[in-house]
Amino acid sequence: MIGTGVWERLRAHRASWWCILFLGAVAIASLAAPLLPLPSPSALALQDEPAPPVPPWRELVRHGFRPEFADLSWTDARLTELRGRVFGDLQTAPWLGTDAKGRDLLARVVFGSRTSILAALAATLASLAIGVLFGAVAGLAGPRVDNLMMRTVDALQSLPFVFLVIFVIGIVNAYRAELSDRFGIDRETVFYLVIGAVSWLTMARVVRGQVLVLRNAAFVEAARVAGASPARILARHVLPNVLPVVVVTLTLTIPTVMLTEAFLSFLGLGIEPPKMSWGILAADGIEAINPIRIAWWLVAAPAVAMGSVLFALNVLGDGLRDALDPRTRRS
Amino acid sequence: MIRFLARRLVWFAATLLAVVTLSFFLMRAVRGGPFDAERRLDPTIERNLRARYHLDWPLWKQLAAYLGPINLDAHGARAVGGDGTRVFAGVLAGDFGPSLAYRDQTVGDLLRESLPISLALGSLALLGAVAVGLAAGVVSAVRRGTPLDAVLRVVATVFLALPSFVVASVLVILLAFAWPLFPVAGFGTWRHLVLPALALGAPIAANVARLARTGMLETLGQDFVRTARAKGLPERIVILRHALPGALLPVASYLGPAAAGVLTGSLVVERIFAIPGAGSHFVNSALNRDYTLAMGVTIVYCAIVYALNTLVDVFHRLLDPRVAAEGA
């Protein structure tokens, strides 16, 4: 179980604790993005070239907020309204600069983080729903079924998945009109589904390994002898003990998925403008590199955002693994 | 060992067949075909085009013809290659058919031109990454707890967190524009390969460094290392001759995923640096619905990764007798 002790150990691990705080702040900023006094991420101000950053100590805020958004969900619209009441037309100065179309980079980075979070969410759900179940069944089912199931995972894992994902997305692209007309699925939903569909493999493997160990553990044996049904054994005895490895695997899966999302969006195969993603921002930044004028902030902003979040996730994953691993408990 | 290899081969064939079949039906299920243009084609021309690529056949027949060298045509003529002279031999014979977007070339032609470039870039990145990563990992483990170790670990974690396109753009800004050491993009000389190889190899090197450090620390704590030290062997010999082989095992088993990572990363890196490799072809083919080309690259890359994975497993068995014993 993730019981007492783990939390304390995690807090004691200074780096992990800072990472949790940082990631929490990022998550809150991302969810409450319309509430923050940022300029609108899609409000255009036509100009010839990207405007360089204005540091906050030079100019803190400006007037002239225009609530221009590409499309807003119901909650986001309410949040924007609330923001208008609180801050009026006040907005932050372009602390990170703007792109060539005059859109504020800070706002775009903050709003772009939502895409990463959605991708992470899709992967988390798929890992939990498919991966844990698949692994648990394989671990409990007995050697023959187990062998078949795990060889399937092996076979899938040995494929370079991004190629298949791109292939599928290329095909979905051709179908997008139909999909949205007939099933009400837009391309992004498909994108998240595909990302989820390929991110559960590691989870299945790890869970199966843990279940195999637990299967032969004395207390599970005792439950079986006492006449507990397989479902009960699974729910009450096996799953709680699988939880730590699940958590650790998740913290290690999420950064890879965020990378995949950014990667595909960068190639123009994931999220599409006017929606934002760190991958798209990076692609824009690279496009803007030219020998005459280097708009470095266009590259630096998404790079630092992505780098810091992924770095924090990796450090947190390592910290969690150390905290949950009974072998390292003494240290 | 032979049984093991045979089993791997069977699984590989089954997997690839499943992938090919699935993607074949997926791509045929798409209504908007590759011959849709802004201008509507004359119905006769369209019919002829479809007949030439055998898009008018029933699906199972198309699949069979795509897979193998089976002659299914009533007139004894199979679909021909892009130049109109060669006979299409089927995927099993290593022929992926005509490219749908580059009408004058077959997928085979395109791959023959582009694959060597991608492989050169990929192997350069992989070898460099393993060399740098191993060195960093070993130094880090040997100097455990020192500032050097801390710095190396932080650097490794940072590079693990940065996507290759970010590394690539920073490299371009620094080493091509700010300090023009290397060409910005394109392909031709070895200098063109340096920046892309660095961008591709960075995350791999970071991973190798972490794995090597962990493996090294584990072996350094073993009894035989203590024995070697107790014998009075110089520290250099203890580390290189006795401890290093143990640390190599986790690195070796990472090489398969690393190769997959390099191939994946090459999609982005080849695009950024405008390198005419298979990766750029693949991305373009996905964007302009060149299904045969996309399929060809997918199959070839799957085969490469699978072969490397198997090779790694073979090495693993040779290096570590325990593996061979437990997984028959």
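Since this is a predicted model, take the numbers as computed values, not measurements. (Residues numbered from 1 in each chain as written. Chains lettered and ligands numbered in written order. Predicted model: local features only at pLDDT ≥ 70, side-chain atom pairs only at ≥ 80, totals over all residues.)

What follows covers the overall build of chain B. Across its full length, chain B holds 12 helices and zero strands. Across chain B, helices and strands are ordered from the amino to the carboxyl terminus as α-α-α-α-α-α-α-α-α-α-α-α. Put simply, 69% of the contacts in chain B that link residues at least 6 apart link residues at least 24 apart. (Helix = DSSP H or I, 4+ residues; strand = E, 2+ residues; numbered from the N terminus. Contact = placed C-beta atoms within 7 Å.)

This brings us to the overall build of chain A. When helices and strands are tallied, chain A shows 12 helices and two strands. Secondary structure elements of chain A, listed N to C terminal, follow the sequence α-α-β-α-β-α-α-α-α-α-α-α-α-α.

If you check the backbone angles, Ala-274 of chain B has positive phi at about 50° while not being a glycine. Residue classification places Ala-274 of chain B among the partly exposed positions, given that 13 C-beta atoms sit within 10 Å. (Buried ≥ 20, exposed ≤ 12 C-beta atoms within 10 Å, placed from the backbone.)

Turning to the interface of chain A and chain B, a few remarks are in order. Listed as interface residues are 39 residues of chain A and, on the opposing side, 40 residues of chain B. Elements with a minimum of two residues in the side of chain A that touches chain B: α5 (143-157), α6 (161-183), α10 (230-267), α11 (278-287) and α12 (296-324) of chain A. Sorting elements by how many residues they give to the side of chain A that touches chain B places α6 of chain A first, with 11 residues.

Residue and element names in this part refer to chain A. Across the interface, helix α4 (residues 105-140) lies against α10 with an axial gap of 8 Å and an inter-helix angle of 145°. As α4 packs across α10, the resulting crossing turns out to be right-handed. Facing α4, whose interface residues are Thr-115, Ser-116, Ala-119, Ala-120, Ala-123, Thr-124, Ser-127, Val-132, Ala-136 and Leu-140, α10 presents Pro-230, Leu-234, Val-238, Val-246, Leu-250, Thr-253, Ile-254, Val-257, Met-258 and Glu-261. Across the contact of α4 with α10, the residue classes tally to 14 nonpolar, five polar and one charged. (Axes fitted to C-alpha atoms, helices over the stretch in contact; angles between N-to-C directions. Left-handed = near helix turned anticlockwise from the far one by under 90°. Nonpolar A, V, L, I, M, F, W, Y, C, P; charged D, E, K, R; others polar.)

Nonpolar side chains tend to gather and get buried jointly when the protein is soluble and globular. By size, the foremost hydrophobic cluster in this structure holds 163 residues, and its most contacted members are Val-207, Ala-282 and Ala-301 of chain A together with Val-208 and Ala-212 of chain B. Ranked by residue count, the leading element in this core is α12 of chain A, at 18 residues. Apart from residues no more than four positions distant in its own chain, Val-208 of chain B is found in contact with Ala-129, Val-130, Gly-133, Leu-134, Gly-137, Val-251 and Tyr-254 of chain B. (Core = buried A, V, L, I, M, F, W, Y, C linked by C-beta atoms within 7 Å.)

Attention now moves to α4 of chain A. Residues and elements named next belong to chain A. Counted at 1.5 Å a residue, the expected span for α4 with its 36 residues is 52 Å, and the 51 Å between its end C-alpha atoms agrees. A maximum bend of about 30° is found in α4 at Ser-127. Phi turns positive one or two residues past the end of α4, at Gly-142, with a value near 100°. (Expected span 1.5 Å × (residues − 1). Bend = angle between axes of the 7 residues up to and from the residue.)

Residue and element names in this part refer to chain A. Relative to the helices and strands, Ala-301 is located in helix α12. A count of 24 C-beta atoms within 10 Å places Ala-301 in the buried class. Along the backbone, Ala-301 and Gly-97 are 204 residues apart, and their C-alpha atoms lie at a distance of 9.2 Å.

For the rest of this paragraph, the subject is the confidence of the model for chain B. All names here are of chain B. Averaged over every residue, the pLDDT of chain B is 78; residues scoring 70 or more account for 84%. Ranking the helices and strands of chain B by mean pLDDT puts helix α4 (residues 107-142) first, with 88, and helix α12 (residues 321-326) last, with 58. Confidence over residues 75-84 falls short of pLDDT 50; this stretch has 27 contacts with residues more than four positions distant or in other chains. Across the assembled chains, the prediction reports ipTM 0.74 with pTM 0.79. (pLDDT = per-residue confidence, 0-100.)

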